[in-house]
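Okay, here's what each chain looks like letter by letter:
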Protein chains: 2
Amino acid sequence: MRPKIYLFGDSITEESFGDGAWGASLAHHFSRTLDVVLRGYSGYNTRWALRVVNRVFPPETAVGSGGAPLAIMLFFGANDACLPDRCSAFQHVPVDEYKQNLHAIVGFFKNRWPTTQVVLITPPPIDEVGRLLHPFVENTLGLPERTNEAAGVYAKACVAVAVECGIPVVDLWTRMQQFPEWQKSFLRDGLHLTQGGNRIVFEEVIGKLGETGLSLETLPVDLPLITEIEPNEPLKAFQK
Amino acid sequence: MRPKIYLFGDSITEESFGDGAWGASLAHHFSRTLDVVLRGYSGYNTRWALRVVNRVFPPETAVGSGGAPLAIMLFFGANDACLPDRCSAFQHVPVDEYKQNLHAIVGFFKNRWPTTQVVLITPPPIDEVGRLLHPFVENTLGLPERTNEAAGVYAKACVAVAVECGIPVVDLWTRMQQFPEWQKSFLRDGLHLTQGGNRIVFEEVIGKLGETGLSLETLPVDLPLITEIEPNEPLKAFQK
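This text gives an overview of the structure that appears in the document. Predicted model only: the values in this text are computed from it and were never measured. What you see as residue numbers is a count from 1 along each chain, following the sequence as written. All chains are assigned letters beginning at A, and all ligands numbers beginning at 1, according to the order in which they are written. For this predicted model, a pLDDT threshold of at least 70 governs which residues receive local features, and a threshold of 80 or more governs which side-chain atom pairs are given and counted, while totals over whole chains, interfaces and linings are taken from all residues. Derived side-chain values reflect all non-hydrogen atoms in the structure, with water molecules and hydrogen atoms excluded from consideration.

Another aspect to go through is the relation of the copies chain B and chain A. The copies were overlaid with a least-squares fit restricted to C-alpha atoms from residues scoring a pLDDT of at least 70 in each copy. For the match of chain B to chain A, the screw axis carries a shift of 0.0 Å, the RMSD comes to 0.0 Å, and the turn is 180 degrees. Viewed as a symmetry operation, the transformation between the two copies matches a two-fold axis. Mapped onto chain A, 100% of the interface residues of chain B are again interface residues, and the two copies thus contact each other with one and the same surface. Here, residues are in contact when the closest pair of their heavy atoms is within 4.5 Å.

Now the structure itself:
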């Protein structure tokens, strides 16, 4: 059975199998080595994720499925970081609780599957102009429901949790802002990813997995590649 | 546990999670309802597929994985249809054996999982000019290793197997040729799919699954949608 990587997160994860999006790119990259399993829940914050994690990952996940997942990408925070006095306030989670929730979810995984590599991903930066142009819900205040500053506070908290847990983290908030024009080239509505933004996430995730020893170089290939099949005696490749 | 759909086929399946490709589009379409599992093996024909089907689908596939797969897309024939006297002859399988092999693979699935819906997909049409411009292996003959006529013979055989087994079939060979300029708009090298070709496969597969009762309208959604979560009392949605 092929090993698995789970993507557990919010809408940026749920839509990650769209055209050129980061989840599909991972599945394509690992097409003969592992399964990339999508567990994205639009709008969810860590408070709700913690509430459902045992239903998303029942104990049977590992039975007859190649054992414990190789890795789980844990990608929440964009909704927690909604401001408490703006139009998406019901998704807001205070940053201290966000940290506790991430710790609890990582602890859940470590308890269930001690060998599984959990990788945190911080929320991306926010383009406030883009958010005002593309509101999800009625925005009568005329102020963005998310700010880049607030997203940065949650990104730093996410990095701190990774350090405290001794696990890898992709600091997307910092990484994306190292590029000029990140607001428009990486974010299509100030929050969700363009193809360029998806490319960055894909590259960062591949790089981080590689650092933990998970790469095409180390993973066994499922069944002989066509290049390993002898034209004069093709069936020989399938004898073992 | 979410139900699963498997994609079992050759390179057109293995590369189906590329940008805008049909497998990723299926996973995106069903992002909150089921898992689309990639089992594509570049270069494989039905002779080799039959040899490995019990390793690709071990009995444990169904244990703790939401039970039997909902559906399996069985998409072979493009390699079987390589001509026996051209440069890819080692992949050729005679059409009578191709039919027997498809019957045997369908029988394997029906025996293992009587409730699973197996759906056949015929090989696509071939653009011989495209094949000559993009050979996989050295082609000293100057003749295409696949022809559209041969692909059509295998497509008809595939449709016949579906009728004999009483299962659905996507006749890609016929469907694609109903469009003008199918040679260039659907095939990037005379065989593999462009984004337009991928779109056709996606639409045909979605349509065929819908006819068998498998659609967003009938599948349960995994966990409450954000639109079902009450802003004033969000946690209520997670109580059941």
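This part takes up the pattern of salt bridges. Salt bridges are defined by distance alone: a side-chain nitrogen of Lys or Arg within 4 Å of a carboxyl oxygen of Asp or Glu. All told, the structure shown has 28 salt bridges over all chains when counted by the stated rule. The residue Arg146(B) makes a salt bridge to Glu145(B) at a minimum N-O spacing of 2.5 Å. Grouping residues by exposure puts Arg146(B) and Glu145(B) together as buried. Each of Arg131(A), Glu145(A), Arg146(A) and Asp189(A) takes part in a single network of salt bridges with overlapping partners. Relative accessibility under 20% of the residue-type maximum defines a buried residue, over 50% an exposed one, and the middle range a partly exposed one, all with a 1.4 Å probe and only protein chains included.

Here we take up the interface of chain B and chain A. Much of the literature gives interface size as the accessible area that the parts lose upon coming together. If you look at the interface, chain B gives 48 residues, while chain A gives 48 residues. Throughout, the accessible surface (probe 1.4 Å) given up by two parts as they are put together, summed over both, is called the buried area. The contact between chain B and chain A buries some 4,200 Å² in all, and 62% of this surface belongs to carbon and sulfur atoms. Applying the counting criterion to the chain B and chain A interface returns 4 salt bridges. Between Arg32(A) and Glu14(B) there is a salt bridge, with its nearest N and O atoms 2.9 Å apart. In protein, a polar contact requires one atom able to donate a hydrogen and another able to accept it; more generally it is a pair of N or O atoms within 3.5 Å, and residues adjacent in sequence count only if both atoms are side-chain atoms. The interface formed by chain B and chain A holds 12 residue pairs in polar contact (both at pLDDT 80 or more) in total. Put simply, DSSP marks the helices as runs of H or I at least four residues long and the strands as runs of E at least two long, and each gets a number from the N terminus on. If you list the elements that add at least two residues to the side of chain B that touches chain A, you get helix H2 (22-29), strand S2 (35-40) and helix H3 (46-56) of chain B. If you tally residues by element for the side of chain B that touches chain A, the top one is H3(B), at 6 residues. Here the side of chain B that touches chain A is built from residues that sort into 22 nonpolar, 13 polar and 13 charged. When residue character is reported, Ala, Val, Leu, Ile, Met, Phe, Trp, Tyr, Cys and Pro are called nonpolar, Asp, Glu, Lys and Arg charged, and the others, Gly included, polar.

Residue and element names in this part refer to chain A. Counting buried positions along strand S1 (residues 4-9) yields 6 of 6 residues, so the element is predominantly enclosed. Burial along S1 is two-sided: the residues Lys4, Tyr6 and Phe8 and Ile5, Leu7 and Gly9 are all buried. One requirement defines pairing of two strands: DSSP has to find at least two bridges between them. Looking at chain direction, S1 and strand S2 (residues 35-40) are connected through 6 bridges and run parallel. Looking at S2, one finds that Ile5 is bridged to Val36.

This part is about the nonpolar core. Nonpolar side chains tend toward joint burial in soluble globular proteins. In this structure, Phe17(A), Trp22(A), Leu209(A), Phe17(B), Trp22(B) and Leu209(B) are the most contacted members of the largest nonpolar core, which totals 74 residues. When sequence neighbours within four positions are dropped, the list of residues in contact with Trp22(B) reads Leu7(B), Ile12(B), Thr13(B), Ser16(B), Phe75(B), Ile121(B), Leu193(B), Asn198(B), Val201(B), Phe202(B) and Val205(B). Among buried residues, those of type Ala, Val, Leu, Ile, Met, Phe, Trp, Tyr and Cys that are joined through side-chain atoms within 4.5 Å constitute a nonpolar core.

The next subject is the side chain of Ser31(A). As for its placement among the helices and strands, Ser31(A) is situated in the loop between helix H2 (22-29) and S2. Using a relative accessible area of 9% as the deciding quantity, one classes Ser31(A) as buried. Setting aside anything within four residues of it in sequence, one finds Ser31(A) in contact with Arg2(A), Glu14(B) and Leu38(B).

Residue and element names in this part refer to chain A. To pair, rings of Phe, Tyr and Trp, with the six-membered ring standing in for Trp, must have centres within 6.5 Å; the planes then decide the type, stacked if under 30 degrees apart, edge-to-face if over 60, and tilted in the middle. Taken as a whole, this structure holds 33 aromatic pairs over all chains when the rule is applied. Pairing Phe57 with Phe109 gives two aromatic rings, centres 4.9 Å apart and planes at 85 degrees, and the pair type is edge-to-face. Of this pair, Phe57 sits in the loop between helix H3 (46-56) and strand S3 (71-75) while Phe109 is found in helix H4 (residues 95-112), placing the two residues 52 residues apart along the sequence. Classification of Phe57 as buried rests on a relative accessible area of 0%.

All names here are of chain B. With 18 residues, helix H4 (residues 95-112) should cover 26 Å at 1.5 Å per step; its first-to-last C-alpha distance of 26 Å lies within 8% of that length. Of all the positions in H4, only Tyr98, Asn101, Leu102, Ile105, Val106, Phe108 and Phe109 are classed as buried. Along the axis of H4, the buried residues cluster in a sector spanning 150 degrees; they form a single face. Turned more than 90 degrees off the buried face of H4, the exposed positions are Asp96, Gln100 and Asn111. Along its buried surface, H4 packs onto strand S1 (4-9), H3, strand S3 (71-75), strand S4 (117-121) and helix H6 (148-165). Expected helix span is taken as 1.5 Å per residue step, with the number of steps being one fewer than the number of residues. Directions drawn from the helix axis to the C-beta atoms are what define this arc.

Successive side chains on a regular strand alternate, one facing one side of the sheet and the next facing the other. All names here are of chain A. Burial analysis of strand S4 (residues 117-121) places 4 of its 5 residues in the buried class, which makes it a mostly covered element. Pairing analysis gives 4 bridges linking S3 to S4, with the strands arranged parallel. What sits directly across from Ile72, in S4, is Val118. In terms of strand pairing, S4 meets strand S5 (residues 169-170) through 2 bridges, oriented parallel. Within S5, the position partnered with Ile121 by the bridge is Val170.

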